[in-house]
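Here is what each chain is made of, one letter per residue.
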Amino acid sequence: MLIWLGLVLVLLLLALVGVDLDGLLEALLAAAVLAVLTGLVPSVSPAGQIILFVVLGLLLFAGLRLGRKPQPNRGDSTDDLGTAVVLSAETQPGRYRVRWRGQSWAALNSDPAIPLELDEEAFVVGRQSTCLQVISKRSLLAGDC
């Protein structure tokens, strides 16, 4: 029982820290059920507990994941796209490499009339697969006049 309670605490800490792993919720629920079960029926062998944990975790994973309908527009919402920093210009005009959320991405300048400069911050206005649509802050300021 103490092992399963310890696992519940570790998984809760991971969730609180913000670790986003597939199956974390299911493992947490399965460990909590086993903590209660081993408290009520302590004669279950350790091998049986592990098998029960795996089976219960897989059933919960399948039940929670397969029961959901896919959301049609699962991309990032425009509210949380943020900004990116220009790393380099590509050989094709209007194409760049930018750092966004700690990774290098291909980007397309949405306003080719105002080219992006190296180390410039640009707003991410959209995303299609692995290519971002960005716009210079200068483009937005020029449009305000």
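Let us look at the structure shown here.

What counts, and where the lines are drawn
- Residues numbered from 1 in each chain as written.
- Predicted model: local features only at pLDDT ≥ 70, side-chain atom pairs only at ≥ 80, totals over all residues.
- Heavy atoms only, no water.
- Pairing = 2+ DSSP bridges.
- Helix = DSSP H or I, 4+ residues; strand = E, 2+ residues; numbered from the N terminus.
- Axes fitted to C-alpha atoms, helices over the stretch in contact; angles between N-to-C directions.
- Salt bridge = Lys/Arg side-chain N within 4 Å of Asp/Glu carboxyl O.
- Expected span 1.5 Å × (residues − 1).
- Buried < 20%, exposed > 50% of the residue type's maximum accessible area, 1.4 Å probe, protein only.
- Arc of directions from axis to C-beta.
- Contact = heavy atoms within 4.5 Å.
- Polar contact = N/O pair within 3.5 Å; in protein donor to acceptor, adjacent residues only side chain to side chain.

The strand order 1-2-3-5-4 describes a closed barrel built from five strands, whose pairing is mixed. The mean inter-strand angle of the sheet, taken between neighbouring strand axes irrespective of direction, is 55°.

In the structure shown here, the tally under the stated rule is three salt bridges. Glu117 is the salt-bridge partner of Arg138, the closest N and O atoms lying 3.9 Å from each other. Placement of the pair is Arg138 in helix 4 (residues 137-144) and Glu117 in the loop between strand 3 (103-109) and strand 4 (121-128), with a sequence separation of 21 residues. Beyond isolated ion pairs, a larger network of salt bridges with shared partners links Glu117, Glu120 and Arg138.

Right, let's talk about helix 1 (residues 2-17) for a bit. Taking 1.5 Å as the rise per residue, helix 1 with 16 residues should run 22 Å; its terminal C-alpha atoms sit 22 Å apart, in good agreement. Where helix 1 is concerned, the buried positions are Trp4, Val8 and Leu11. In an axial view of helix 1, the angular spread of the buried residues amounts to 70°, which keeps them on one side of the axis. Structural note: helix 1 exposes Leu2, Ile3, Leu9, Leu13, Leu16 and Val17 on the side pointing more than 90 degrees away from its buried face. The secondary structure elements touched by the buried residues of helix 1 are helix 2 (24-40) and helix 3 (46-66). Phi for Gly18, located one or two positions after helix 1, is positive at around 105°.

Looking now at the side chain of Asn109. Assignment of secondary structure puts Asn109 in strand 3. Of the polar contacts made by the side chain of Asn109, one reaches the backbone nitrogen of Asp111; its length is 3.1 Å. At 3.0 Å, the side chain of Asn109 forms a polar contact with the backbone oxygen of Ile114. Those residues in contact with Asn109, other than ones at most four positions away along the chain, are Gly94, Tyr96, Ile114, Pro115, Leu116, Val134 and Ile135.

It is worth spelling out the pairing of strand 4 at this point. Alignment of strand 1 (residues 83-89) against strand 4, held across three bridges, turns out to be antiparallel. Residue pairing in the sheet places Val85 in a bridge with Glu121 of strand 4. When strand 4 meets strand 5 (residues 131-136), the two strands line up antiparallel, connected through six bridges. Considered in strand 5, the bridge of Ala122 is made with Ser136. In sequence, strand 4 turns back onto strand 5 through a hairpin of two residues, with Ser129 there showing a positive phi of about 60°.

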